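Inside the fold
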Amino acid sequence: SRLLAVCTACCIIAGFVQQGVAQDASLTGVWTHSRDAKEQAGRYGAIDQVTSGMNRLMRGRAREALRVKTAPQSTIQITDEGDRVTFSGKKHRVTFKTDGTPTRVDSERGTATARAQRKKEKLVLTSQGNNGGVQTTIHSLSEDGTRLVLDVSITAKMFKSPIRYKTTYHRASKQASK
(Lines give C-alpha, C1' and ligand atoms only; values in the text may rest on other atoms or scores of the structure.)
Protein backbone atom coordinates (compact mmCIF):
# COMPACT_ATOMS: atom_id res chain seq x y z
CA SER A 1 0.00 0.00 0.00
CA ARG A 2 2.94 2.35 0.60
CA LEU A 3 4.17 1.64 -2.94
CA LEU A 4 0.67 2.34 -4.26
CA ALA A 5 0.59 5.69 -2.43
CA VAL A 6 3.99 6.66 -3.88
CA CYS A 7 2.90 5.65 -7.40
CA THR A 8 -0.37 7.58 -7.02
CA ALA A 9 1.52 10.68 -5.84
CA CYS A 10 3.94 10.39 -8.78
CA CYS A 11 1.02 10.15 -11.22
CA ILE A 12 -0.67 13.20 -9.68
CA ILE A 13 2.58 15.22 -9.83
CA ALA A 14 3.20 14.07 -13.41
CA GLY A 15 -0.33 15.24 -14.28
CA PHE A 16 0.34 18.71 -12.88
CA VAL A 17 3.67 18.89 -14.70
CA GLN A 18 2.04 17.86 -17.98
CA GLN A 19 -0.72 20.44 -17.49
CA GLY A 20 1.91 23.09 -16.79
CA VAL A 21 3.88 22.19 -19.91
CA ALA A 22 0.75 22.19 -22.04
CA GLN A 23 -0.27 25.59 -20.68
CA ASP A 24 3.24 27.03 -21.16
CA ALA A 25 3.37 25.53 -24.68
CA SER A 26 0.61 27.92 -25.76
CA LEU A 27 1.64 31.02 -27.66
CA THR A 28 -1.19 32.94 -25.97
CA GLY A 29 -0.04 36.10 -24.33
CA VAL A 30 1.43 39.53 -24.74
CA TRP A 31 5.02 39.41 -26.00
CA THR A 32 7.52 42.29 -25.84
CA HIS A 33 10.48 42.60 -28.18
CA SER A 34 13.83 41.96 -26.51
CA ARG A 35 15.66 44.74 -28.42
CA ASP A 36 18.80 42.61 -28.67
CA ALA A 37 21.65 44.49 -30.42
CA LYS A 38 23.10 41.25 -31.87
CA GLU A 39 19.77 40.32 -33.42
CA GLN A 40 19.43 43.79 -34.96
CA ALA A 41 22.96 43.54 -36.34
CA GLY A 42 22.06 40.13 -37.79
CA ARG A 43 18.95 41.55 -39.45
CA TYR A 44 20.89 44.50 -40.87
CA GLY A 45 23.64 42.14 -42.06
CA ALA A 46 21.10 39.94 -43.86
CA ILE A 47 19.63 43.02 -45.57
CA ASP A 48 23.09 44.28 -46.55
CA GLN A 49 23.96 40.89 -48.01
CA VAL A 50 20.92 40.63 -50.30
CA THR A 51 21.23 44.25 -51.47
CA SER A 52 25.01 44.18 -52.03
CA GLY A 53 24.68 43.57 -55.79
CA MET A 54 22.48 46.64 -56.40
CA ASN A 55 23.86 49.88 -57.77
CA ARG A 56 24.89 52.33 -55.07
CA LEU A 57 21.85 54.62 -55.26
CA MET A 58 19.34 51.76 -55.26
CA ARG A 59 21.24 49.85 -52.56
CA GLY A 60 20.99 52.68 -50.01
CA ARG A 61 17.28 53.20 -50.62
CA ALA A 62 16.55 49.47 -50.58
CA ARG A 63 18.48 48.95 -47.34
CA GLU A 64 16.67 51.77 -45.59
CA ALA A 65 13.25 50.59 -46.80
CA LEU A 66 13.96 47.00 -45.75
CA ARG A 67 15.21 48.04 -42.33
CA VAL A 68 11.91 49.85 -41.77
CA LYS A 69 9.72 47.04 -43.21
CA THR A 70 11.47 44.30 -41.23
CA ALA A 71 11.62 46.20 -37.93
CA PRO A 72 10.08 44.02 -35.22
CA GLN A 73 6.90 45.22 -33.55
CA SER A 74 7.52 46.29 -29.96
CA THR A 75 4.60 44.14 -28.75
CA ILE A 76 2.79 41.11 -30.17
CA GLN A 77 -0.52 39.84 -28.80
CA ILE A 78 -1.39 36.23 -29.58
CA THR A 79 -4.43 34.14 -28.73
CA ASP A 80 -3.62 30.48 -29.40
CA GLU A 81 -6.63 28.18 -29.40
CA GLY A 82 -4.93 25.15 -30.94
CA ASP A 83 -6.84 24.96 -34.22
CA ARG A 84 -6.85 28.77 -34.55
CA VAL A 85 -4.41 31.52 -33.70
CA THR A 86 -5.13 35.24 -33.57
CA PHE A 87 -2.51 37.98 -33.88
CA SER A 88 -3.60 41.39 -32.61
CA GLY A 89 -1.87 44.71 -32.97
CA LYS A 90 -2.67 48.39 -32.75
CA LYS A 91 -4.35 48.53 -36.14
CA HIS A 92 -5.05 44.93 -37.13
CA ARG A 93 -6.42 41.67 -35.82
CA VAL A 94 -6.09 38.53 -37.93
CA THR A 95 -7.22 34.99 -37.12
CA PHE A 96 -5.81 31.97 -38.94
CA LYS A 97 -6.85 28.33 -38.89
CA THR A 98 -3.70 26.35 -38.11
CA ASP A 99 -4.38 23.72 -40.78
CA GLY A 100 -2.91 25.77 -43.65
CA THR A 101 -6.20 27.26 -44.86
CA PRO A 102 -5.45 30.46 -46.83
CA THR A 103 -6.53 33.74 -45.25
CA ARG A 104 -6.67 37.09 -47.03
CA VAL A 105 -4.84 39.80 -45.11
CA ASP A 106 -5.26 43.50 -45.98
CA SER A 107 -2.84 46.12 -44.67
CA GLU A 108 -1.35 49.47 -45.58
CA ARG A 109 1.30 47.55 -47.57
CA GLY A 110 -1.32 45.80 -49.71
CA THR A 111 -3.07 42.45 -49.80
CA ALA A 112 -1.48 39.10 -49.03
CA THR A 113 -2.56 35.51 -48.75
CA ALA A 114 -1.36 33.95 -45.51
CA ARG A 115 -1.39 30.45 -44.06
CA ALA A 116 -0.65 29.16 -40.56
CA GLN A 117 0.39 25.58 -39.89
CA ARG A 118 1.67 23.73 -36.88
CA LYS A 119 4.79 21.72 -37.57
CA LYS A 120 5.91 19.73 -34.57
CA GLU A 121 5.96 22.27 -31.72
CA LYS A 122 6.27 25.32 -33.97
CA LEU A 123 3.81 27.60 -35.70
CA VAL A 124 4.75 28.41 -39.30
CA LEU A 125 3.12 31.50 -40.80
CA THR A 126 3.64 32.03 -44.54
CA SER A 127 2.35 35.02 -46.46
CA GLN A 128 2.58 35.83 -50.15
CA GLY A 129 1.96 39.35 -51.39
CA ASN A 130 0.66 40.52 -54.74
CA ASN A 131 4.24 41.27 -55.84
CA GLY A 132 5.25 37.61 -55.53
CA GLY A 133 7.31 38.06 -52.39
CA VAL A 134 7.01 35.40 -49.70
CA GLN A 135 7.63 35.77 -45.97
CA THR A 136 7.84 32.71 -43.76
CA THR A 137 7.96 33.18 -40.00
CA ILE A 138 8.56 30.22 -37.72
CA HIS A 139 7.35 30.84 -34.15
CA SER A 140 9.28 28.75 -31.60
CA LEU A 141 8.54 28.83 -27.89
CA SER A 142 11.37 28.31 -25.40
CA GLU A 143 11.18 25.22 -23.21
CA ASP A 144 10.20 27.28 -20.17
CA GLY A 145 7.56 29.24 -22.14
CA THR A 146 9.10 32.67 -21.45
CA ARG A 147 10.66 33.45 -24.84
CA LEU A 148 9.22 33.42 -28.35
CA VAL A 149 11.78 33.29 -31.17
CA LEU A 150 10.69 34.32 -34.66
CA ASP A 151 12.85 32.89 -37.44
CA VAL A 152 12.03 35.02 -40.49
CA SER A 153 12.80 34.34 -44.16
CA ILE A 154 11.81 36.78 -46.94
CA THR A 155 12.14 36.09 -50.64
CA ALA A 156 11.49 38.54 -53.47
CA LYS A 157 12.17 38.64 -57.20
CA MET A 158 14.78 41.37 -56.79
CA PHE A 159 16.84 39.35 -54.26
CA LYS A 160 19.32 36.67 -55.30
CA SER A 161 18.86 34.96 -51.94
CA PRO A 162 16.38 35.22 -49.07
CA ILE A 163 16.73 37.68 -46.19
CA ARG A 164 16.99 35.54 -43.05
CA TYR A 165 17.06 36.76 -39.46
CA LYS A 166 15.80 35.94 -35.97
CA THR A 167 14.14 38.13 -33.39
CA THR A 168 13.19 37.31 -29.82
CA TYR A 169 10.24 38.32 -27.66
CA HIS A 170 9.73 37.85 -23.92
CA ARG A 171 6.38 36.93 -22.41
CA ALA A 172 4.91 39.96 -20.63
CA SER A 173 1.61 38.22 -19.85
CA LYS A 174 0.07 34.78 -20.37
CA GLN A 175 -3.18 36.39 -21.47
CA ALA A 176 -3.73 38.38 -24.62
CA SER A 177 -5.44 41.67 -23.85
CA LYS A 178 -8.80 42.22 -25.43
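Just above, that's the structure.
This report concerns the structure included in the present document.

Cut-offs used in this document
Residues numbered from 1 in each chain as written. Predicted model: local features only at pLDDT ≥ 70, side-chain atom pairs only at ≥ 80, totals over all residues. Heavy atoms only, no water. Pairing = 2+ DSSP bridges. Helix = DSSP H or I, 4+ residues; strand = E, 2+ residues; numbered from the N terminus. Axes fitted to C-alpha atoms, helices over the stretch in contact; angles between N-to-C directions. Expected span 1.5 Å × (residues − 1). Polar contact = N/O pair within 3.5 Å; in protein donor to acceptor, adjacent residues only side chain to side chain. Phe/Tyr/Trp six-rings, centres within 6.5 Å; stacked < 30°, edge-to-face > 60°. Buried < 20%, exposed > 50% of the residue type's maximum accessible area, 1.4 Å probe, protein only. Lys NZ or Arg CZ within 6 Å of the ring centre and 35° of its normal. Contact = heavy atoms within 4.5 Å. Salt bridge = Lys/Arg side-chain N within 4 Å of Asp/Glu carboxyl O.

With respect to the sheet that holds strand β8 (residues 134-141)
Taken in spatial order, the ten strands line up as β4-β3-β2-β1-β10-β9-β8-β7-β6-β5 in an open sheet, and their pairing is antiparallel. The open sheet is flanked by β4 (93-97) and β5 (103-107), the only strands paired with a single partner. When strand polarity is set aside, the average angle formed by the axes of neighbouring strands in this sheet is 25 degrees. Across four bridges, strand β1 (residues 29-33) lies against strand β2 (residues 75-80) in antiparallel orientation. The partner of tryptophan 31 across the bridge, within β2, is isoleucine 76.

Describing helix α3 (residues 56-69)
For α3, spanning 14 residues, the distance from its first C-alpha to its last is 20 Å, which sits close to the expected 20 Å at 1.5 Å a residue. The N-cap of α3, judged by a side-chain oxygen 3.2 Å from the amide nitrogen of leucine 57 a few residues on, is asparagine 55.

Focus on the packing of aromatic side chains
The description of two aromatic rings rests on the distance between their centres and on the angle between their planes. With the rule as written, the count across this model stands at one aromatic pair. Here phenylalanine 87 and phenylalanine 96 contribute two aromatic rings whose centre-to-centre distance is 6.1 Å and whose plane-to-plane angle is 70 degrees, an arrangement assigned as edge-to-face. Its relative accessible area of 15% is what places phenylalanine 87 among the buried residues. Looking at arginine 67, its charged tip hangs above the ring of tyrosine 44, at a distance of 3.8 Å from the centre.

Re the pairing of β5
In this structure, β5 lies alongside strand β6 (residues 110-119), joined through five bridges in antiparallel fashion. In the sheet register, threonine 103 faces β6, and the bridge partner there is alanine 114. The turn joining β5 and β6, which pair antiparallel and follow one another in sequence, is formed by two residues.

Regarding the environment of threonine 168
When you line up the elements, threonine 168 lands in strand β10 (residues 163-173). Residue classification places threonine 168 among the buried residues on the basis of a relative accessible area of 10%. Through-space distance from the C-alpha of threonine 168 to that of serine 140 is 9.6 Å; in sequence the pair is 28 residues apart. Not counting the four nearest positions on each side in its chain, threonine 168 is found in contact with Thr32, His33, Ser34, Glu39, Arg147, Leu148 and Val149. Within the structure, threonine 168 has its side chain in polar contact with the side chain of glutamate 39 (distance 2.4 Å).

Some remarks on the pattern of salt bridges
One pass over the full model with this rule turns up five salt bridges. In this structure, glutamate 81 and arginine 84 form a salt bridge, with 3.2 Å as the shortest nitrogen-oxygen distance. Overall, the relative accessible area of 44% leaves glutamate 81 in the partly exposed class. Residue aspartate 106 pairs with arginine 104 through a salt bridge whose shortest N-O separation is 3.3 Å. Arginine 104 gets classed as exposed once you look at its relative accessible area, which sits at 61%. By sharing partners, the salt bridges in this structure join Asp48, Arg63 and Arg67 into a single network.

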